[in-house]
Amino acid sequence: MRADRTLASLALLGKALAFWRLECRGRLSMARIDPLVTPGEPSVHAHAIHGSSGFGLNPSYEDLMNGDCTSCGVKQDMSAYWAPALYFRHEDGEYELVNQVGGMLAYYTLRPDAKNPDAGIRAFPPGFRMVAGDTTRRNYSVGTQNFKDADPEKSIWALLGQTKQSDLRQRAIGFNCMDYSKAPEGALYRHYLPEKPYLDANCRDGIRIELMFPSCWNGKDVESADHMSHVAYPDLVTDGNCPRGFDVKLPGLFFETIWDTAQFKGVPGEFVLSNGDVQGFGYHGDFINGWPEKLLQDAVDTCLNLSGRQEDCPLFNIQSEAEQNACKLNLFGTLSVEKTEGKIGKSLPGNVPIRYGPEPAIGNVPPASTAPTSHVPVPTASYKPGTTSAFLPGGVFKEEPTTTAEPPKISIQAAAAAAPAPKEEEVTTSIASPEPTPAPAPSDPPAPQGYEVVRTEWVTNGNVVSKVVVVETVEYVMLATATETVTVTASFGAEKARRELHHLRRHRAHGLH
Ligand SMILES: *[C@@H]1O[C@H](CO)[C@@H](O)[C@H](O)[C@H]1NC(C)=O
Ligand SMILES: *[C@@H]1O[C@H](CO)[C@@H](O)[C@H](O)[C@H]1NC(C)=O
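Positions within a chain are numbered from 1, following the residues in the order the chain's sequence is written. To read the labels, note that chains go from A and ligands from 1, taken in the order they are written. A pLDDT threshold of at least 70 governs which residues receive local features in this predicted model, and a stricter bar of 80 or more applies before side-chain atom pairs are shown or counted, although totals over entire chains, interfaces and linings include all residues. Hydrogens and waters are ignored; side-chain quantities use all the structure's heavy atoms.

Before going further, it helps to spend a moment on the overall build of the chain. Regarding its fold elements, the chain presents eight helices and 21 strands. Buried residues are those whose accessible area, probed at 1.4 Å on protein chains only, stays under 20% of the maximum for their type, while exposed residues exceed 50% and partly exposed ones sit between those limits. The 513 residues of the chain split such that 52% are buried. For the chain, restricting intrachain contacts to residue pairs at least 6 apart in sequence, the fraction spanning at least 24 positions comes to 74%. In this description, accessible areas are obtained by the Shrake-Rupley approach with a 1.4 Å probe, and a residue is regarded as covered only by the protein chains that are shown. Per element, the accessible surface of the chain, about 22500 Å² overall, is 54% carbon and sulfur. Only DSSP runs of H or I covering at least 4 residues are called helices, and only runs of E covering at least 2 are called strands; the numbering of each starts at the N terminus. The criterion used for residue contact is that any of the two residues' heavy atoms lie within 4.5 Å.

Here Arg-171 is to be found in helix H3 (residues 165–171). Residues adjacent in sequence count toward polar contacts only when both atoms are side-chain atoms; beyond that, a polar contact is any pair of N or O atoms within 3.5 Å, and within protein one must be able to donate a hydrogen and the other to accept it. Side-chain polar atoms of Arg-171 contact the side chain of Gln-145, separated by 2.7 Å. If we skip the residues at most four places from it in the chain, Arg-171 touches Tyr-140, Val-142, Gln-145, Asp-151, Pro-152, Trp-157, Gln-162, Leu-188, His-191 and Val-237.

It is worth spelling out the pattern of salt bridges at this point. Each salt bridge in this description consists of a side-chain nitrogen of Lys or Arg and a carboxyl oxygen of Asp or Glu lying within 4 Å of one another. Inspection of every chain in the model, using the stated rule, returns 18 salt bridges. Linked by salt bridges that have partners in common, Asp-113, Lys-115 and Asp-247 make up one network.

Right, let's talk about the site of ligand 2 for a bit. We define proximity as follows: a residue is near a molecule or strand when any one of its heavy atoms falls within 4 Å of that partner. Around ligand 2, the neighbouring residues are Arg-137, Asn-139, Pro-358, Glu-359 and Pro-360. Between ligand 2 and Asn-139 there is a distance of 2.4 Å, counted from an oxygen atom to a side-chain nitrogen or oxygen. Contact distances for ligand 2 include 3.3 Å between an oxygen atom and a backbone N or O atom of Pro-358. Surface burial for ligand 2 is 52%, taken as the share of its 360 Å² of free accessible area covered by protein chains. Amino acids are sorted into nonpolar (Ala, Val, Leu, Ile, Met, Phe, Trp, Tyr, Cys and Pro), charged (Asp, Glu, Lys and Arg) and polar (every other residue, Gly among them). Class assignment for the residues of the shell around ligand 2 results in two nonpolar, one polar and two charged.

This next bit is on the sheet that holds strand E3 (residues 47–51). Strands sit in the order E2-E3-E4-E16-E8 across an open sheet of five strands; the sheet is antiparallel. Of all strands in the sheet, those with a lone pairing partner are strand E2 (29–31) and strand E8 (129–133), marking the two edges. Across the sheet, the mean angle from the axis of one strand to that of its neighbour is 20°, orientation sign disregarded. Across five bridges, E8 lies against strand E16 (residues 284–288) in antiparallel orientation. Within the sheet, the bridge partner assigned to Ala-132 lies in E16 and is Gly-285. Only when DSSP finds a minimum of two bridges between them are two strands counted as paired. Lines fitted to the C-alpha atoms define the axes, with helices restricted to the stretch that makes contact. Angles between their N-to-C directions range from 0 to 180 degrees.

Quick look at the state of the cysteines now. Note on terminology: disulfide denotes any pair of cysteine sulfur atoms within 2.5 Å. One pass over the structure, following the stated rule, counts five disulfides. Across the disulfide, Cys-177 is cross-linked to Cys-203 (sulfur-sulfur distance 2.2 Å). Note on the Cys-177 and Cys-203 pair: the S-S dihedral is about -110°, so by sign convention the disulfide is left-handed. Here Cys-203 lies in the loop between helix H4 (196–202) and strand E10 (207–212) and Cys-177 lies in strand E9 (residues 173–177), a separation of 26 residues in the sequence. Disulfide partner of Cys-216: Cys-242, at an S-S distance of 2.1 Å. Here the S-S torsion is close to -80°, and the disulfide linking Cys-216 with Cys-242 is therefore left-handed. Taken together, the residues span a long stretch of sequence, with Cys-216 in strand E11 (residues 216–217) and Cys-242 in the loop between strand E12 (231–232) and strand E13 (248–249) at a distance of 26 residues. There is no split in this pair, since Cys-216 and Cys-242 are both buried. Regarding the disulfides, the chain carries the connectivity 1-3, 2-10, 4-5, 6-7, 8-9 under sequence-order numbering of its bonded cysteines.

In this section: the sheet that holds strand E5 (residues 86–90). Within a sheet, neighbouring strands are paired by backbone hydrogen bonds and run either parallel or antiparallel to one another. The antiparallel open sheet is built from four strands, whose spatial order is E15-E5-E6-E17. In the strand order of this sheet, the two ends are held by strand E15 (269–273) and strand E17 (343–345), each with one partner. Recorded for the sheet is a direction-independent mean angle of 30° between the axes of neighbouring strands. As judged from the three bridges shared by E5 and strand E6 (residues 95–97), these two strands associate in the antiparallel manner. In the sheet register, Arg-89 faces E6, and the bridge partner there is Tyr-95.

Okay, the site of ligand 1 next. Around ligand 1 lies a shell formed by Asn-305, Ser-307, Arg-309 and Asp-312. Within the side chain of Asn-305, an N or O atom sits 2.4 Å from an oxygen atom of ligand 1. The separation between an oxygen atom of ligand 1 and a polar side-chain atom of Asp-312 is 2.6 Å. Protein contacts shield 32% of the accessible area of ligand 1, which totals 360 Å² for the unbound molecule. For the shell around ligand 1, a count of residues per class yields no nonpolar, two polar and two charged.

Once that is clear, we can look at the pairing of strand E4 (residues 80–84). Judged by how many residues are buried, E4 sits mostly within the fold: five of five residues are covered. Two strands pair when backbone bridges link them, and E3 and E4 are joined in this way by five bridges, in the antiparallel orientation. Bridged to Gly-51 within E4 is Ala-80. Relative to E16, E4 runs antiparallel, the two being bridged by three bridges. Considered in E16, the bridge of Ala-80 is made with Ile-288.

Working definition: rings of Phe, Tyr and Trp (its six-membered ring) pair if their centres are within 6.5 Å, and the pair is stacked with planes under 30 degrees apart, edge-to-face with planes over 60 apart, and tilted otherwise. The tally for this structure, following the rule as stated, stands at 22 aromatic pairs. With a centroid separation of 5.4 Å and an interplanar angle of 10°, the aromatic rings of Trp-20 and Tyr-108 are classed as stacked. Here the residue Trp-20 occupies a position in strand E1 (residues 19–24), and Tyr-108 occupies one in strand E7 (residues 100–109), the gap between them amounting to 88 residues. Given the relative accessible area of 1%, Trp-20 is considered buried. Ring centres of Phe-213 and Phe-255 lie 4.7 Å apart, and the angle between their planes is 55°; on these two criteria the pair is classed as tilted. Here Phe-213 is found in the loop between E10 and E11, whereas its partner Phe-255 is found in strand E14 (residues 252–259), with 42 residues between them in sequence. In this structure Phe-213 comes out as buried when scored by relative accessible area, which is 0%. Its end group placed over the ring of Trp-157, Arg-171 keeps NZ or CZ at 4.5 Å from the ring centre. Comment: the charge-over-ring label is applied if NZ (Lys) or CZ (Arg) is within 6 Å of the ring centre and within 35 degrees of the ring normal.

Pasting the structure below:
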């Protein structure tokens with residue numbers, strides 16, 4: 001009985017973690033083109049473009065499908081993928097494109113809607129397109145979180161009121177500091193581009209920029225006026241529950257591009273995205289579907305090998321890296337002469353000004369000529385290794401190979417990367433903590449029977465400080481070799497002494513006694 005249940009849940013689990021990693025080793029182009037935002041004309045800023053050579057200023061699904069080649073690894077996929085590029089501004093004002101390493105990886109994660117797992121995953125329909133992120137954004141505004149702090153544990157996001165689409169959108173961006181001599185950081189761990197001194201000191205293999213797309217769909221519109229309101233994020237960004245009205249689960253698209261920031265180690269200057277953003281809050285990406293619908297549906301239904309290798313999906317015709325690299329976009333008009341690679345002179349492509357926040361980069365507000373002081377000496381969340389049980393289990397880049405024979409170890413606690421990140425030594429000027437001192441804590445509630453308190457932590461949300469007591473029960477599954485660690489986060493309502501199995505939580509308002 002019990003064993004059957006265990007096996008069934010492991011099978012479900014396997015399915016829920018399946019994904020494949022589409023490799024786009026070739027870059028189709030580096031150009032000011034963005035057919036979603038500015039169809040028919042050059043776009044405001046430059047993008048690194050990958051995918052079908054049928055791409056252009058306003059390509060239809062058919063145009064993409066009729067392209068001669070794709071710069072990605074699966075020949076049948078004629079989709080288009082694009083995102084901003086990373087430039088380096090030298091001290092003398094000259095811009096230079098940072099080397100992009102390995103092209104782009106587009107992960108297709110296959111995670112059903114948590115509240116309706118049997119509904120499965122629907123292939124992108126013909127004509128489907130979407131944007132993730134907001135190029136005008138210049139701040140991070142989820143809860144009261146300093147943008148340099150690590151996110152609270154995912155299991156309490158809802159409790160903290162941090163599952164609004166605007167919150168999830170900001171957490172869908174990641175800047176992963178790469179150092180292959182260490183265990184990799186978790187995906188989407190840091191939501192801003194670290195300053196150059198940090199990159200120089202810690203990220204000797206460059207920075208990996210990550211972007212998760214919304215994967216819940218309203219089931220009818222292939223596009224919308226803002227290119228995003230026909231889709232929504234599930235409540236944990238990469239997975240979880242889809243919001244009401246967005247009940248059709250699509251494959252989860254996750255872009256990764258690596259930029260060799262280390263090539264400028266010790267060189268004075270700063271990094272800036274092609275949209276004039278030095279902090280990364282305005283990072284974004286675009287997708288136009290170019291898959292044959294049935295093939296993608298079949299792949300979504302059957303290509304569930306946990307290795308994530310595109311070669312392990314027998315439906316795909318794989319092409320070599322050389323073929324991917326040979327696929328290029330024919331540029332025309334002004335775009336064919338505009339310099340976007342190497343050293344490009346004293347302005348970004350399209351003359352995009354650098355704009356610091358926190359106001360959105362909209363309209364004709366004169367751009368700040370120098371970085372505001374608040375931009376400089378803030379403590380930086382430091383290195384923290386990711387957990388293999390977290391998002392993307394198949395090994396992102398140089399992780400240790402995971403054996404697929406063994407059922408994955410699930411530790412909700414670990415996956416959530418809960419503890420506040422250790423702080424890097426603060427740079428000279430110390431910044432007053434934005435959080436008021438928490439009121440003294442009432443004594444800890446006893447753990448419910450059968451559970452053990454493993455740790456307590458404080459979270460601040462507005463003027464409410466909550467103490468979250470994490471308790472844990474360990475269940476040994478006899479059949480499988482894996483130990484399933486289930487974390488139940490529990491809390492107590494102070495007045496009502498109400499006990500819930502989920503969050504036991506104590507509220508205290510600041511300034512009250
Ligand atoms: C999954 O992929 C691995 C190689 O990465 C292969 O050895 C294995 O046979 C595949 N499993 C299935 C069920 O196809
Ligand atoms: C932060 O960014 C959002 C979105 O661009 C904007 O609406 C808000 O006004 C900004 N906050 C500040 C303090 O400028």
